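These are the residues of each chain, in order.
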Amino acid sequence: MKTAEIIVTLLYSLIVLWWAISAKKQADKSGAKFFASSKTFGALVAGLAAATTGMSGFGFVGGPGLNYKFGSAVMYMGIFFTVSYGLMMWLNGKPMRMMSVITNIETFADLGDVRYGSRTLRFLIAVNLIICIFAYLGAQILAGGYILNSIFGISVKAGGIALLIFTLIYTVYGGMVGSIKVDFLQGILKLFSIIGIIIGFYYITGGMGHATITIASSKLFGPQFIDPIGHPDNIMLPLAMSWVFVLAIGVIGQPHVNTKLYSLKSYKSLKTFGLIGGVGYGIMSLLYILPGTAVLYLVASGQVKPFKVPDETIFHFFNHLPPVLAIILFAGLLAATMSTSISFLVIGSSIYNKRYS
């Protein structure tokens, strides 16, 4: 299986590299094309790319880990994140998209400068973006490090560095055009991965009913791990309620998702963009709900010993799947980390733009 995993990973990497580099001619046309892919894509491509960017390595690696640590209340994360796409269209969509039509806005950082005529505000936006890039990109690289550690047996640090270098290469060539094209490709792969996740879940547990009964009757977990409301002593419910602000509201301002608004050919497709993004992410949220529940079942039934690092949850899930299915899902996992990384790299490079030099 290791040999097959390595071959599939290398083949997938070559496809992504070719697909991103194929966007070089479009990206070279202007700053608007490179940084924000201005008015290039339809709602289907841009919307699915936005959903893919939202479902990052955090969702595919950290999500199952949260499920293993706190229980089924993690489903609120998917619900609130899905709602955020509609809220983003309602609050940000039309103003941001129309401003790009009547002014020369090319990047997310241009907003403050053009809208308020303030270089100070532009500087503050740049500082905010830098903080986001370090925090969010760091999480993706860490997730990628765990993936390459599992496949190639190298250290997590070396795996993260290798993934960062690879992502930098195709980002330099493709820019935001390449980012959206790759995100669309990886979005399709993630949606196919959902089918594999569902099959794998039933292969391991025998069904949701069997899994929940086993988890609820376990002394290690108990009923609170399958109850969305949770036990009064469990901190999960207050944490989940805080996600209303962090995910449903806070995500509205995520630069790597908002920037996709500039890529739409027409502002008339904003509603379709939001619908595709929200529904797409809602479906993709199964990528962390089902694997996390399956691993809870494996531990509750004694097939896996309890472990201390929640981020290992997804790999325990893969290890109990048929080899062919596990290999396909590993590719989906790589897609989750790279799709967000490239967006943040392009956004980071747009903080200083030649238009202001």
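Residues numbered from 1 in each chain as written. Predicted model: local features only at pLDDT ≥ 70, side-chain atom pairs only at ≥ 80, totals over all residues. Heavy atoms only, no water.

(A) Region of the structure containing the packing of helix α6 (residues 75-102) against helix α13 (residues 270-284). Where α6 meets α13, the closest approach of the two axes is 8 Å, and the angle between their N-to-C directions is 165 degrees. Relative to α13, the element α6 is oriented roughly antiparallel. Crossing hand, α6 versus α13: right-handed. Contacts from G78, F81, T82, Y85, M88, M89, G93, K94 and R97 of α6 reach α13 at L270, F273, G274, G277, G278, Y281 and G282. Among the residues forming the contact of α6 with α13, the class breakdown is seven nonpolar, seven polar and two charged. (Axes fitted to C-alpha atoms, helices over the stretch in contact; angles between N-to-C directions. Helix = DSSP H or I, 4+ residues; strand = E, 2+ residues; numbered from the N terminus. Parallel < 35°, antiparallel > 145°, perpendicular 65-115°, else oblique. Left-handed = near helix turned anticlockwise from the far one by under 90°. Contact = heavy atoms within 4.5 Å. Nonpolar A, V, L, I, M, F, W, Y, C, P; charged D, E, K, R; others polar.)

(B) A nonpolar patch on the surface, seen in detail. Together, F123, L124, V127 and I131 make up an exposed nonpolar region whose accessible area comes to about 390 Å². On the accessibility criterion, V127 (33% relative accessible area) is partly exposed. (Patch = residues over 30% accessible without salt bridge, like charges linked within 9 Å, V, L, I, M, F, W, Y side chains within 5 Å. Areas by Shrake-Rupley, 256 points an atom, 1.4 Å probe, with all protein chains shown as cover. Salt bridge = Lys/Arg side-chain N within 4 Å of Asp/Glu carboxyl O. Buried < 20%, exposed > 50% of the residue type's maximum accessible area, 1.4 Å probe, protein only.)

(C) Examining the environment of M89 more closely. Position of M89 relative to the elements: it lies in helix α6. Along the primary structure M89 and I252 are separated by 163 residues, whereas in three dimensions their C-alpha atoms are 8.6 Å apart. Sequence-distant contacts of M89, that is, excluding residues within four places in its chain, are made with K94, L261, L270, F273 and G274.

(D) Seen up close, the side chain of T205. Take T205: it is sitting in helix α9 (residues 156-205). Looking at T205, its side chain comes within polar contact range of the main-chain nitrogen of G207, at 3.1 Å. Those residues in contact with T205, other than ones at most four positions away along the chain, are H210, A211, A294 and Y297. (Polar contact = N/O pair within 3.5 Å; in protein donor to acceptor, adjacent residues only side chain to side chain.)

(E) How the structure looks around the packing of aromatic side chains. As enumerated under the stated definition, the model contains nine aromatic pairs in all. Between Y68 and F221 the ring centres are 6.1 Å apart and the planes differ by 75 degrees, which places this aromatic pair in the edge-to-face class. With Y68 in helix α5 (residues 57-70) and F221 in the loop between α10 (208-216) and α11 (236-249), the pair connects residues that are 153 residues apart, well separated along the chain. The same class applies to Y68 as to F221, namely buried. Judged by centre distance (6.1 Å) and plane angle (50 degrees), the ring pair of F317 and F318 falls under tilted. As far as the burial class goes, F317 and F318 line up, both buried. Through successive ring pairs, a cluster of aromatic residues spans Y68, F221, F225 and F307. (Phe/Tyr/Trp six-rings, centres within 6.5 Å; stacked < 30°, edge-to-face > 60°.)

(F) The confidence of the model for the protein, seen in detail. Per-residue confidence for the protein gives a mean pLDDT of 77; residues scoring 70 or more make up 80%. Taken element by element, the protein is modelled with least confidence in helix α3 (residues 31-36), mean pLDDT 55, and with most confidence in α10, mean pLDDT 92. (pLDDT = per-residue confidence, 0-100.)

(G) Structural detail: the packing of α10 against helix α14 (residues 286-300). As a packed pair, α10 and α14 sit with axes 9 Å apart at the nearest point and diverge in direction by 50 degrees. Relative to α14, the element α10 lies oblique. Here α10 and α14 pass one another in a crossing that is left-handed. Residues M208, H210, A211, T214 and I215 of α10 touch α14, and the partners they reach there are L290, T293, L296, Y297 and A300. Considering only residue class, the contact of α10 with α14 consists of seven nonpolar, three polar and no charged.

(H) Region of interest: the environment of F317. Here F317 is to be found in helix α15 (residues 313-319). Sequence spacing of F317 and L290 is 27 residues, and the spatial spacing of their C-alpha atoms is 9.5 Å. If near-sequence neighbours (up to four positions away) are discounted, F317 is found in contact with I197, G200, F201, I204, P291, A294, V295 and L329.

(I) Molecular detail of the nonpolar core. In this structure, Y85, W243, F273, F317, F318 and L321 are the most contacted members of the largest nonpolar core, which totals 70 residues. Considering every element that reaches this core, the biggest residue donor is α14, with ten residues. In this structure L321 touches G200, Y203, I204, A326 and L329, once residues within four positions along its chain are discounted. Counting residues in each nonpolar core, the second largest holds six residues, with Y12, V16, Y170 and L189 among its members. (Core = buried A, V, L, I, M, F, W, Y, C linked by side-chain atoms within 4.5 Å.)

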